[in-house]
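Tertiary structure, described
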Amino acid sequence: MERFAGLLQQLPRHQGQMLRALHLAQAELGWISRDAIRLIARHLRVTEAQVYGPATFYAEFRHSPPPKTLVTWCSGPSCRVVGGDRVRRIFEAEFGCRLGENTPDDELGLWLGQCNGTCEKAPMVWVNGRVIGPLSMVESVKLARRLKQGEDPLTWPERPIKIAPATFVDAETTYGSEHAHDSTSDGAVS
Amino acid sequence: MSSAYEEIREAAELAAAPRRSPTRPLVRVDLSTSSVAAEADRLWEALPAPAAELDVDLMRVGTLGLSWLEPVVEVERPDMGAVVYGPVRPEQASEFLAAALGDNPTEQAAQWLIGARTPAPGIPALSDHPFWGPQERRLMQWMGVIDPESIDEAIAVGAYEALDHAVGMDPMAICDLVLAAGVGGRGGGGFPAGQKWKFLLGAPGPTKYLVCNADEGDPGAFVNRVLMESDPHLVIEGMAIAGKATGADYGFIYIRDEYPLSIARMELALEQARARGVIGQDIFGSGFDFDLEITRGAGSYVCGEETGLIASVEGLRGMPKIRPPFPAQKGVFSEPSNVNNTETYANVPLIVRNGAAWYRQHGTESDPGTKMFSISGALERPGILEVPFGMGMDELLLGCGGGPPDGHTPKGIQPGGPLGGLLPASDLGLKLERPPFTERGVLLGSGGLILFDERASAVDLTKYFSEFCEDESCGRCTTCHGGSQRLVEVLERIMHGDGRQEDLERIGAIDKTLQNANCLHGQFTPYAVRGLVNYFRDELDVHIEEKRDPARVAPGLTRYLITDQSDPALEEAAALCPTSCIARAPVEGAEDDDASEAQGDWRIHEPSCIHCDACREIAPDAIRVEDRFLTMLSVV
């Protein structure tokens, strides 16, 4: 939190920096907490409500701590026409939570993602940002079960399905090198 | 050419020379979002070792558009032109390099060979490839050829030359030139960009802003992403020229958060452009100042609407406002502003460099020039390409895209994103320009085209689009958020076998109401369902009258049945079922300790079945999906 407060000080103090500040909070803290909202409001010289509004309007911002393993289900039409909706039902049944929720122990979460245009991998999910697809329904069930057992899909010996790292933008590329933090930078541009 | 630009150009050409006319083999690796999803970054990590051994140079490039062949690699040899190969798996890196650099790549690297981008003896030209041949690559000319992370290479092929010319021009003359070229808003509106710029030029200053709409929210559209990832300087140059033409000295590029690589490459391009002085203070010694910043979106579709976008740039919730006032009167921070699509800005440097007449050589009267299209869905060859306006949709989707794979038949087309509507396969002959689409009650939109085949359900797709619109409604007007909620409810009911003929009237009433929504999001929401009623009426009637889903995807209208009890695969299917709804029925009279050996019939416990199809994948001969209501009738 102190780190975030420090980085926040480097942003110009006006409302136009709202999205930047919220992105910074999420990158640093993993989610937008009430404390973060208070800090942003003070720094940008707006009311807390003026921060709370955007923070809850945009789908990207989370209001609870992220799960350890986040499965993002692609909701795009290209996935839909090849069985994407079935993939969602499988993950919901296996995880025992609905779309947009975490499992009670916060180990796993199933969230909705918007089409990112890698439609030739449809149907797909992203596990902690990595595109995994095309998934058959059998593979979906197996993937969900392995994740439940706490396995990292990248360490599977036989790699039964295509797994490709997605492109992450870490704090370094977005906020300049002085803001770099220790997130994984798989596939980030040099 | 100003002396300042000449100096920059010469330095850049010098820096880029080794890659422009290679004296040793040069290997270009496509590193864009879609190729990275196909493990191009692993390939990129695997290549340096064999490349050093074979004494070749490696280079990162954007995409050529051949998405289905990713990861695509191009090998340019001094003794041979640039030859494109793909897909090259990471584990094949050294094997591939050796083959492509061997004496006879046509045979040795035959498994990867796609075609020669520049003439190479004995190798089929890429221009003869059905995907490549009909294209007219203007915006995409340097995509997949230059390194998007190096400004040297962009300048060496002519970037910022048009800006150098434009800073010496009269703003009105630039507006007139763009108006004469007839470039329309590429986001789908098609409003002449030159006209829009004149509004801003005429607005009182001194503060004016430009906004670039790169919030490409339409699922299935990735034109802007490819532009920003493969040739970011084209967009920056276009915006700087627009700045000169309209008197704006500051711009915002609003990029959606789902495009991290685009954000990173644009940030980098901006940094490099500032360092070179091609944007910033006193550009090329002309006294013209222009700078840009990137605003990162946060996952809101409605921010693609220009007033919503402006609200989002201002740090508010991205809720659209009623126009007027138009952005040219009151835009970002209440100052006069202009919003254009990324592709619109990218066209501007080409027009300034080549003139309006050149621009109009292709395209139609209503839509001059070329357009990038991203094609996906049930296609043999999904990807991104640039063709002249006015080309037949069949030529694009069936010719370039190869139509549906595995002999499936096209059923319909979904142009223009969730708000674009649906077209039946019989409309494949439509020309790709706005008027014929508008006449059919759909939108050409921003360039995404999704083909679907007979396996997809038009009703299910419509429900998906309506759900999307409901979800993404900003919530300001009841017409929109309430209307889309009712629409989803009606479609949901139909898909559960509870549809009635009155529902058609109800859909019509909702459609009418939604047309009174405040912004285009609400007004376009009923386009999908209107397409369903107009063009897929038969399918809808089967849902309503016969309680049957011909595509068998609606869980409410289908059921899974075990047809062969003896299939051993059922054991595995039962173990895999996510809800454990496949089990053997208890055998009557069996002793408790015999339970393990009791072999009752396999049953599917229907209330807990989630229709996920996993069991049928494992035991396709033993499990069948049936129409729920028809099966029950035949049983009785």
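What you are looking at is a predicted structure, and each value in this text was computed from that prediction instead of being measured.

**Description of the overall build of chain B**
Tallying secondary structure elements over chain B gives 27 helices and 18 strands in all. In terms of overall dimensions, chain B is globule-like: its C-alpha atoms have a radius of gyration of 28 Å, near the 26 Å expected for 636 residues. Principal-axis analysis of the C-alpha atoms gives chain B an extent of 100 × 65 × 45 Å. Contacts in chain B between residues far apart in sequence, at least 24 positions, make up 71% of those at least 6 positions apart.

**Points about the interface of chain B and chain A**
In this assembly, 76 residues from chain B lie in contact with 54 residues from chain A. Of the roughly 5,200 Å² buried between chain B and chain A, counting both surfaces, carbon and sulfur atoms make up 56%. If you look at where chain B meets chain A, you find two salt bridges. Across the pair R86(A) and D613(B) runs a salt bridge whose closest N-O atoms are separated by 3.8 Å. The interface formed by chain B and chain A holds 22 residue pairs in polar contact (both at pLDDT 80 or more) in total. The dominant element in the side of chain B that touches chain A, judged by the number of residues it contributes, is helix α19 (residues 458-472) of chain B, at eight residues. Along the lines of polarity and charge, the residues of the side of chain B that touches chain A split into 39 nonpolar, 15 polar and 22 charged.

**Some thoughts on the domain arrangement of chain A**
Entries for chain A in the domain assignment read domain 1 (2-63) and domain 2 (69-164). For domain 1 of chain A and domain 2 of chain A, the distance between their C-alpha centroids amounts to 29 Å.

**So, the packing of helix α11 (residues 223-230) of chain B against helix α15 (residues 342-354) of chain B**
Residue and element names in this part refer to chain B. Close contact between α11 and α15 brings their axes to 9 Å; oriented N to C, the two are set at 45 degrees. Here α11 is positioned oblique relative to α15, judged by the angle of their axes. Here α11 contributes V223, N224, L227 and M228 to the contact with α15, which in turn contributes T342, E343 and A346. For the contact of α11 with α15, the class distribution of residues is four nonpolar, two polar and one charged.

**Re the pairing of strand β11 (residues 383-388) of chain B**
Residues and elements named next belong to chain B. Here β11 lies mainly inside the structure; six of its six residues are buried. What you see with β11 is no split at all: G383, L385 and V387 on one side and I384, E386 and P388 on the other are buried throughout. Note: strand β10 (residues 370-377) against β11, six bridges, orientation antiparallel. Bridge pairing in β11 places F373 opposite L385. The antiparallel pairing of β10 with β11 creates a hairpin that spans five residues between the two strands.

**Brief notes about the pattern of salt bridges**
When the charged atoms of two side chains lie near each other, side chains of opposite charge can form a pair. Residue and element names in this part refer to chain B. Here the structure, examined in full by the defined rule, presents 58 salt bridges over all chains. Between K411 and E539 there is a salt bridge whose closest N-O contact spans 2.8 Å. Taken together, the residues K411 in strand β12 (residues 410-415) and E539 in helix α24 (residues 537-546) connect sequence positions 128 residues apart. The class for K411 is buried, based on a relative accessible area of 18%. The class for E539 is buried, based on a relative accessible area of 9%.

**Structural notes on the packing of aromatic side chains**
Residues and elements named next belong to chain B. Per the counting criterion, the structure on display carries 18 aromatic pairs over all chains. Pairing Y209 with Y250 gives two aromatic rings, centres 6.4 Å apart and planes at 80 degrees, and the pair type is edge-to-face. Of the two residues, Y209 sits in strand β6 (residues 209-214) while Y250 sits in strand β7 (residues 250-255), which places them 41 residues apart along the sequence. Judged by centre distance (6.3 Å) and plane angle (45 degrees), the ring pair of Y464 and F468 falls under tilted. With Y464 and F468 both in helix α19, this residue pair falls four residues apart, about one helical turn. By relative accessible area, which is 4% here, Y464 ends up buried. The rings of Y209, Y250, F252 and F333 are connected pair by pair, giving a single aromatic cluster. Between R138 and the ring centre of W358, over which it is positioned, the NZ or CZ distance is 3.9 Å. The ring of F373 is capped by K371, whose NZ or CZ atom sits 5.6 Å from the centre of that ring.

**With respect to helix α10 (residues 193-202) of chain B**
The α-helix winds at 3.6 residues per turn, so residues separated by three or four positions along the chain end up facing the same way. Residues and elements named next belong to chain B. For α10, the set of buried residues is A193, G194, W197 and L200. Relative to the axis of α10, the buried residues are bounded by an arc of 115 degrees and lie together on one face. Buried residues belonging to α10 abut α9 (171-181), β6, α12 (232-246), β9 (337-341) and α15.

**Structural notes on the environment of V46(A)**
Residue and element names in this part refer to chain A. Positionally, V46 belongs in the loop between α3 (34-44) and α4 (48-57). The class of V46 is buried, set by a relative accessible area of 15%. Apart from the residues lying within four places of it in its own chain, the contact partners of V46 are Q15, M18, A41 and V51.

**Here we look at the side chain of R62(A)**
Residues and elements named next belong to chain A. For R62, the position within the fold is in the loop between α4 and β1 (69-74). This buried residue, R62, is left without a salt bridge; E60 holds the nearest opposite charge, at 7.2 Å. Within the structure, the side chain of R62 is placed 3.2 Å from the backbone oxygen of G30, a separation counted as a polar contact. Every residue in contact with R62, bar those within four places of it in the chain, is listed here: Q26, G30, W31, I32, L70 and W111.

**Details of the domain arrangement of chain B**
All names here are of chain B. Under the domain assignment used here, chain B contains domain 1 (17-128), domain 2 (160-359), domain 3 (370-453), domain 4 (458-546) and domain 5 (555-635). Computed over C-alpha atoms, the centres of domain 3 and domain 4 are 22 Å apart. If you look at the interface, domain 3 gives 15 residues, while domain 4 gives 16 residues. Summed over the three residues of domain 3 that lose the most area to domain 4, namely P418, L419 and L422, the buried surface amounts to 48% of that side. Inspection of the region where domain 3 meets domain 4 yields two residue pairs in polar contact (both at pLDDT 80 or more). Put simply, the parts of the chain that give the side of domain 3 that touches domain 4 at least two residues each are β12 and β13 (423-424). Of all the elements, β12 adds the most residues to the side of domain 3 that touches domain 4, at three residues. Class assignment of the residues belonging to the side of domain 3 that touches domain 4 gives a composition of eight nonpolar, five polar and two charged.

**What about the nonpolar core?**
Residues Y160(B), W197(B), I255(B), F284(B) and M372(B) are the most contacted members of the largest nonpolar core, which totals 70 residues. Here this core takes eight residues from α12(B), the largest share from any one element. Formed by 41 residues, the second largest nonpolar core is a distinct cluster that contains F91(A), A573(B), A574(B) and C609(B).

The rules behind the values
- Residues numbered from 1 in each chain as written.
- Chains lettered and ligands numbered in written order.
- Predicted model: local features only at pLDDT ≥ 70, side-chain atom pairs only at ≥ 80, totals over all residues.
- Heavy atoms only, no water.
- Helix = DSSP H or I, 4+ residues; strand = E, 2+ residues; numbered from the N terminus.
- Rg over C-alpha atoms; globule rule 2.2 N^0.38 Å.
- Contact = heavy atoms within 4.5 Å.
- Buried area = accessible area lost by both parts, 1.4 Å probe.
- Salt bridge = Lys/Arg side-chain N within 4 Å of Asp/Glu carboxyl O.
- Polar contact = N/O pair within 3.5 Å; in protein donor to acceptor, adjacent residues only side chain to side chain.
- Nonpolar A, V, L, I, M, F, W, Y, C, P; charged D, E, K, R; others polar.
- Domains from an automatic or database assignment.
- Axes fitted to C-alpha atoms, helices over the stretch in contact; angles between N-to-C directions.
- Parallel < 35°, antiparallel > 145°, perpendicular 65-115°, else oblique.
- Buried < 20%, exposed > 50% of the residue type's maximum accessible area, 1.4 Å probe, protein only.
- Pairing = 2+ DSSP bridges.
- Phe/Tyr/Trp six-rings, centres within 6.5 Å; stacked < 30°, edge-to-face > 60°.
- Lys NZ or Arg CZ within 6 Å of the ring centre and 35° of its normal.
- Arc of directions from axis to C-beta.
- Lys, Arg positive; Asp, Glu negative; His and termini not counted.
- Core = buried A, V, L, I, M, F, W, Y, C linked by side-chain atoms within 4.5 Å.

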